[in-house]
Amino acid sequence: MSEQAEVIVIGAGIGGLTAAALLQERGIRTVVFEKNGFPGGSCASFERSGYRFDAGASVFYGFSENGKSGTLNLHTRIFRKLGVEIATVPDPVQIHYHLPAGFSVAASYSRQEFLDSLAARFPLEKEGIERFYRELEEVYDILSSLPAGSLEDVAHLASVGGRYPLKTAMLALKTFRSMGKTARKYIRNEELLHFIDIESYSWAVQDALSTPLVNAGICLADRHHGGINYPLGGSGRIPEALCRGLEKFGGSVRYRSEVTEIIVENGVARGVRLAGGETVLAGSVITNATVWDTFNRMVKDSRYRVPEDRFVRAPSWFQMFLGVDASLIPEGFHVHHILVDDWNAYDKPGGTIYFSAPTILDPSLAPPDRHIVHAFVTSETDMWEGYGRGNAEYREAKERYADSIIARTEKILPGLAKAVKLKVLATPQTHERYLNRWKGSYGAMLKPGQNILLKPQNRTLVKNLFAVGDSTFPGQGVIAVTYSGVSCASLVARRLGKPLDYL
């Protein structure tokens, strides 16, 4: 039994690493325990046969300069604070949507160009389009003026409320509104409302009625301010940079060190127990796991169990990592795409295809004369439970499902099937195994109509146990879990008498 740190962080995902690095920069001894031999979780990169694939996300906010994104450029501010650098390249289009009935629109960096393209498709809704997206701009304007901090930190709330009383009050009112209900105030066309749904689903994995307006104001407005920027070298450069910052100030990441238990005594977190039996004590513990993995697996006291139906469980994914002949990608092809064949099925497993070709921005990710195609759809573990891991039936089922997705994707990329030179496939079971996510899920989501402030925050019911990641406020996505890490670090540092400076 040993005490190695003041703070233990479970999991080297982006939320956990962000909290760890910022705490260590304040001189708070922090150690991160990571199951795998690499950092990043679902924001990691992996290499195969000369390709460097993004394990998950490839649409990144938060890398702009101060003048463009206000306080929302969190990655830039965090890396500047840590004294580390990460090179990025701008992506002029967030997502190119390919929708039923030949509806195609690119969400470009230019806000006016995007709005004009929508108005061209829906001329009778031109005013409603302008008014709805103006609402998102108003939310963005408020959020980009306020410094990041914990909503559970009374000193932070008093400071922000005192400096920005009007904006704080306006933001509080907007937390009660959903993206979908706001859209329906101004828009009547059903096809256009479907588009608003897929705008939400593209990052929140919920329709617009279930998505808080505040969250939409971050993602769907900042794309026209800070824009989308891709880290050169792939998504894994983000966790790698956070690790450099953590280690620069004396912190550490212990890889291949799976936490199997959070030690709780009399309602207080005391440390963790590792898979090998080692017990490590600390004054505070931060979990980067989902709410179900934390309280139904690592916290052994059944009184803290979280029922599955307390929140909406985010889905998992079926992913295809493809190396393809470079001639497949035509000149002017965008990096990120979403394909929907049927509005009645877009929110069902496999109903929406997410697609990216990051080598358009960074050719170094693939061998010469090759591109990467990363295509993925929502899926669930129960769709794959009938197969034994690694057996022939499992492999054949994955290949059949991949072939069906490739066939659908050929609507925008003809010849994809014949151009494939390398294929790596991952099911929800893969996510569950590598990322220690219950059912491969990407965290807890709010039920329709719930106020965003009902999302779990950084504090938990166990004293000295805190949470970050996609089960906490503000939710799913790299920039969202980054915010959760900043918020948690702010809360813990103030409790330990070493408050963070605002980024």
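Computed from a predicted structure; not experimentally measured.

## Focus on the sheet that holds strand β17 (residues 336–340)
- Read from one edge of the open sheet, 7 strands run β8-β7-β17-β18-β19-β16-β20, paired in mixed fashion. Among the strands making up the open sheet, the edge pair consists of β8 (103–108) and β20 (420–426). For this sheet, the mean inter-axis angle between neighbouring strands, taken without regard to orientation, is 15°.
- Where β17 and strand β18 (residues 352–356) come together, 5 bridges link them in antiparallel fashion. Bridge pairing links His 336 to Ser 356 in β18.
- Contacts between helix α13 (residues 392–409) and the sheet are confined to β16 (316–325), β17, β18, β19 (370–379) and β20, with β16 contributing the most and set at about 70° to the helix.

## Quick word on the sheet that holds strand β14 (residues 284–287)
- Strands sit in the order β10-β3-β2-β14-β22 across an open sheet of 5 strands; the sheet is parallel. Taken across any chain shown, the strands that pair with only one partner, and hence form the sheet edges, are β10 (252–254) and β22 (465–467). Strand-to-strand twist across the sheet, computed as the mean angle between neighbouring axes with direction ignored, equals 25°.
- As paired strands, strand β3 (residues 30–33) and β10 are joined by 3 bridges and run parallel to one another.

## Thoughts on the pattern of salt bridges
- Within this structure, the stated rule accounts for 28 salt bridges.
- The partner of Arg 52 in a salt bridge is Glu 240, with the nearest N and O atoms 3.0 Å apart. In this pair, Arg 52 is assigned in strand β5 (residues 51–54) and Glu 240 in helix α11 (residues 237–248), connecting sequence segments 188 residues apart.
- Residue Glu 240 is classed as partly exposed on the basis of its relative accessible area of 27%.
- The salt bridge partner of Glu 265 is Arg 270, with a shortest N-O separation of 3.8 Å.
- Looking at Glu 265, the relative accessible area reads 44%, which means it is partly exposed.
- Using a relative accessible area of 38% as the deciding quantity, one classes Arg 270 as partly exposed.
- Residues joined in a network through salt bridges with shared partners are Glu 47, Arg 52, Arg 237 and Glu 240.

## Focus on the environment of Gly 440
- By secondary structure assignment, the location of Gly 440 is in the loop between α15 (428–435) and β21 (444–445).
- Distance in space between the C-alpha atoms of Gly 440 and Ile 263 is 24 Å, their sequence separation being 177 residues.
- Setting aside its immediate chain neighbours within four residues, Gly 440 contacts Pro 315, Ser 316, Thr 381, Pro 428, His 431 and Glu 432.

## Here's the deal with unusual backbone geometry
- In the segment running from Phe 473 into Pro 474, the intervening peptide bond is cis, with an omega of 5°.
- Located in the positive-phi region is Asn 464, a residue other than glycine, with phi close to 70°.
- By the secondary structure assignment, Asn 464 is in the loop between β21 and β22.
- Owing to a relative accessible area of 14%, Asn 464 belongs among the buried residues under this scheme.

## Remarks on the packing of helix α5 (residues 126–143) against helix α9 (residues 190–204)
- With their axes 12 Å apart at the nearest point, α5 and α9 run at an angle of 25° to one another. Judged by the inter-axis angle, α5 sits roughly parallel to α9. Regarding α5 and α9, the two cross each other, and that crossing is right-handed. Side by side, α5 and α9 meet where Ile 129, Phe 132 and Tyr 133 of the first sit next to Leu 192, Phe 195, Ile 196 and Glu 199 of the second.
- A class-by-class count of the residues in the contact of α5 with α9 yields 6 nonpolar, no polar and 1 charged.

## Quick look at the pairing of β16
- The buried count for β16 comes to 9 of 10 residues, which makes it a mostly enclosed element.
- Both β16 and β19 contribute to a ladder of 10 bridges, which runs antiparallel. Note on β19: the bridge partner recorded for Met 320 is Ala 375.

## A look at the side chain of Asp 91
- Within the secondary structure layout, Asp 91 lies in strand β6 (residues 88–91).
- For the buried residue Asp 91, which engages in no salt bridge, the nearest side chain bearing the opposite charge is Arg 223, 12 Å off.
- Within polar-contact distance, the side chain of Asp 91 engages the side chain of His 336 at 3.1 Å.
- In this view, Asp 91 contacts Ile 228, Asn 229, Val 335, His 336 and Leu 361; residues no more than four positions away in its chain are not counted.

## Considering the pairing of β18
- Most of β18 is tucked away, with 5 of its 5 residues classed as buried.
- Residues of β18 alternate between two faces, with Thr 352, Tyr 354 and Ser 356 on one and Ile 353 and Phe 355 on the opposite face, all of them buried.

## Section: helix α8 (residues 179–186)
- Buried within α8 we find Met 179, Gly 180, Thr 182, Ala 183 and Tyr 186. Buried residues of α8 fall within an arc of 160° about the axis and therefore sit on the same side.
- Where α8 is buried, its residues touch α5, α9 and α10 (213–222).

## Section: a nonpolar patch on the surface
- Among the surface-exposed residues, Leu 151, Leu 157 and Leu 453 lie close enough to one another that they form a single nonpolar patch of about 230 Å² accessible area.
- Examined against the element boundaries, Leu 157 turns out to sit in helix α6 (residues 154–163).

What counts and what doesn't
- Residues numbered from 1 in each chain as written.
- Predicted model: local features only at pLDDT ≥ 70, side-chain atom pairs only at ≥ 80, totals over all residues.
- Heavy atoms only, no water.
- Pairing = 2+ DSSP bridges.
- Helix = DSSP H or I, 4+ residues; strand = E, 2+ residues; numbered from the N terminus.
- Axes fitted to C-alpha atoms, helices over the stretch in contact; angles between N-to-C directions.
- Contact = heavy atoms within 4.5 Å.
- Salt bridge = Lys/Arg side-chain N within 4 Å of Asp/Glu carboxyl O.
- Buried < 20%, exposed > 50% of the residue type's maximum accessible area, 1.4 Å probe, protein only.
- Parallel < 35°, antiparallel > 145°, perpendicular 65-115°, else oblique.
- Left-handed = near helix turned anticlockwise from the far one by under 90°.
- Nonpolar A, V, L, I, M, F, W, Y, C, P; charged D, E, K, R; others polar.
- Lys, Arg positive; Asp, Glu negative; His and termini not counted.
- Polar contact = N/O pair within 3.5 Å; in protein donor to acceptor, adjacent residues only side chain to side chain.
- Arc of directions from axis to C-beta.
- Patch = residues over 30% accessible without salt bridge, like charges linked within 9 Å, V, L, I, M, F, W, Y side chains within 5 Å.
- Areas by Shrake-Rupley, 256 points an atom, 1.4 Å probe, with all protein chains shown as cover.

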